[in-house]
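Residue-level structure breakdown
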Amino acid sequence: MSKSVKYNQILDALQHLLEQKDMQTISVSEIAQAAGIGKGSIYYYFSSKEEILEALIKRSYEKPLETAKKLAEQTHVSPFTRMAMIFQACRNSSSEFLKQDAGRPLVNAQEKVLLHQKYLNYLVTELKPVLTLIIEQGIETGELHFDHPGALAEIVLIILAVKFDNSLIPSTPEEIEETILGLISLLEKGTENPSGSLNFLITPL
């Protein structure tokens, strides 16, 4: 059995167990049993149960994030269009997370908060360097005007992640749209673009 097969069996096992019980009550032995492998094999791939959870989150959302990263590398495309790709990646990954979250009805509120925090951290951490690079490239070409590209990228991603995740501050679709429009208005002012010119950023690609 190849490493990749066992690795994914472990992640599949934890995902299945999370649909039935809290993370804190799941043992490494249970994960091994559900995966159909020996407990010792778990520690060949992961040092702890928490590390398995981190890997599961990464696997669950890597597809939309990798797509965004590849598209963002296309420097011949306008930085604003590539920013829209980042917005859409946040939306796609949040949709995937919420779909999987709905499949865990037995997980308690505290456990869901933990999962959401790990998800938000992963999303922002993965996309911040990508969005920062796009902003820096826009500054170099004169299309953007901002002194702190890394800070701007982080602010944008935190707002997008929190609103699209819609768990920390539950909002109606109308309230989410209003917040995103407010973010876009700030981006327009900060980058010296006309009012309404960046509204296309909230339009799905």
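Not measured: the values here are computed from a predicted model.

On to the overall build of the protein chain, then. On a plain count of helices and strands, the protein chain comes out with eight helices and zero strands. Start at the N end of the protein chain and walk to the C end: the helices and strands fall as α-α-α-α-α-α-α-α. Burial status across the protein chain gives 45% buried among its 205 residues. Pairs at least 24 apart in sequence give 64% of the contacts found in the protein chain among residues at least 6 apart. For the protein chain, the accessible surface area stands at approximately 10,500 Å², while carbon and sulfur atoms represent 55% of it.

So, about the nonpolar core. In this structure, Leu 14, Ile 31, Phe 87 and Leu 187 are the most contacted members of the largest nonpolar core, which totals 59 residues. Of all the secondary structure elements, the ones that give two or more residues to this core are α1 (3–18), α2 (28–35), α3 (39–45), α4 (49–72), α5 (79–102), α6 (109–141), α7 (149–165) and α8 (173–190). Residue contacts for Leu 187: discarding those within four places in its chain leaves Met 83, Phe 87, Leu 152, Val 156, Leu 198 and Leu 201.

This part covers the environment of His 145. Assignment of secondary structure puts His 145 in the loop between α6 and α7. Distance from His 145 to Glu 192, taken between C-alpha atoms, is 6.6 Å for residues 47 residues apart in sequence. Look past the residues within four positions of His 145 in its chain and what remains in contact with it is Gly 190, Thr 191 and Glu 192. In this structure the side chain of His 145 is engaged in a polar contact, spanning 3.2 Å, whose partner is the backbone oxygen of Gly 142.

What follows deals with the packing of aromatic side chains. In this structure the tally under the stated criterion is three aromatic pairs. A centroid spacing of 4.9 Å and a plane angle of 90 degrees characterise the contact between Tyr 44 and Tyr 45, whose relative ring orientation is edge-to-face. The exposure class of Tyr 44 is exposed, given its relative accessible area of 62%.

Now for the environment of Lys 58. Here Lys 58 shows up in helix α4. By relative accessible area, which is 44% here, Lys 58 ends up partly exposed. Here the alpha-carbon distance between Lys 58 and Leu 123, two residues 65 residues apart in the chain, equals 8.9 Å.

As a further point, take the confidence of the model for the protein chain. Residues of the protein chain with pLDDT of at least 70 account for 88%, and the chain-wide mean is 81. Summarising per-element confidence for the protein chain, the mean pLDDT is lowest in α5 (74) and highest in α2 (93).

Summed over the entire model, instances satisfying the criterion amount to three salt bridges. One salt bridge connects Lys 118 with Glu 54, and the closest N-O pair in it is separated by 2.7 Å. Placement of Lys 118 in helix α6 and of Glu 54 in helix α4 is noted, with a sequence separation of 64 residues between them. Using a relative accessible area of 18% as the deciding quantity, one classes Lys 118 as buried. Between Glu 154 and Lys 128 there is a salt bridge, with the nearest N and O atoms lying 2.6 Å from each other. Linking Glu 154 in helix α7 with Lys 128 in helix α6, this pair joins segments that are 26 residues apart in sequence. The exposure class of Glu 154 is partly exposed, given its relative accessible area of 32%. A relative accessible area of 27% places Lys 128 in the partly exposed class.

With that settled, the discussion passes to the environment of Leu 168. Tracing the backbone through its elements, the reader meets Leu 168 in the loop between α7 and α8. For Leu 168, the contacting residues outside a window of four places in its chain are Leu 120 and Val 162.

Before going further, it helps to spend a moment on α8. For an α-helix the count is 3.6 residues per turn, leaving residues at separations of three or four pointing the same way. With 18 residues, α8 should cover 26 Å at 1.5 Å per step; its first-to-last C-alpha distance of 26 Å lies within 8% of that length. Residues of α8 that are buried: Ile 176, Ile 180, Leu 183, Ile 184, Leu 187 and Glu 188. When α8 is viewed along its axis, its buried side chains cluster within an angular range of 140 degrees and face the same direction. Turned more than 90 degrees away from the buried face of α8 sit Glu 174, Glu 178, Leu 186 and Lys 189, all of them exposed. Just beyond α8, the residue with positive phi is Glu 192, at close to 60 degrees.

There is a patch of like negative charges on the surface, built from Glu 174, Glu 175, Glu 177 and Glu 178. Among the secondary structure elements, Glu 178 is positioned in helix α8.

Rules of the game
- Residues take numbers from 1 onward in each chain, read along the sequence in its written order.
- Reporting in this predicted model follows two pLDDT cut-offs: at least 70 for local features of residues, and 80 or more for side-chain atom pairs to be given and counted; totals over whole chains, interfaces and linings ignore these cut-offs and use all residues.
- In computing side-chain values, all of the structure's heavy atoms are included and hydrogens and water are not.
- Runs of H or I in DSSP of at least four residues are treated as helices and runs of E of at least two as strands, each being numbered from the N terminus.
- Under the scheme applied here, a residue whose accessible area is under 20% of the maximum for its type counts as buried, over 50% as exposed, and between as partly exposed, the area being computed with a 1.4 Å probe on protein chains only.
- Two residues form a contact once any of their heavy atoms are found within 4.5 Å.
- Methods summary: accessible areas were calculated by the Shrake-Rupley approach with a probe of 1.4 Å, and residue burial reflects only the protein chains presented.
- By nonpolar core we mean a set of buried residues, namely Ala, Val, Leu, Ile, Met, Phe, Trp, Tyr and Cys, connected to one another through side-chain atoms within 4.5 Å.
- Counted as a polar contact is a pair of N or O atoms within 3.5 Å, where, for protein atoms, one must be capable of donating a hydrogen and the other of accepting one, and residues adjacent in sequence contribute only when both atoms are in side chains.
- Only rings of Phe, Tyr and Trp enter the pairing, Trp through its six-membered ring, and a pair is recorded when the two centres are within 6.5 Å. The plane angle decides the type: under 30 degrees is stacked, over 60 is edge-to-face, the rest tilted.
- Each residue carries a pLDDT value, the predictor's own confidence for that position, ranging from 0 to 100.
- Any carboxyl oxygen of Asp or Glu within 4 Å of a side-chain nitrogen of Lys or Arg constitutes a salt bridge here.
- One fewer than the residue count of a helix, multiplied by 1.5 Å, yields its expected span.
- The arc refers to the directions leading from the helix axis to the C-beta atoms.
- Without a salt bridge and with relative accessible area above 30%, a residue can belong to a patch; like charges are then joined within 9 Å and nonpolar side chains (Val, Leu, Ile, Met, Phe, Trp, Tyr) within 5 Å.
- His is not counted, nor are the chain ends, whereas Lys and Arg count as positive and Asp and Glu as negative.
- Every charge is mapped to an atom, namely NZ of Lys, CZ of Arg, CG of Asp or CD of Glu.

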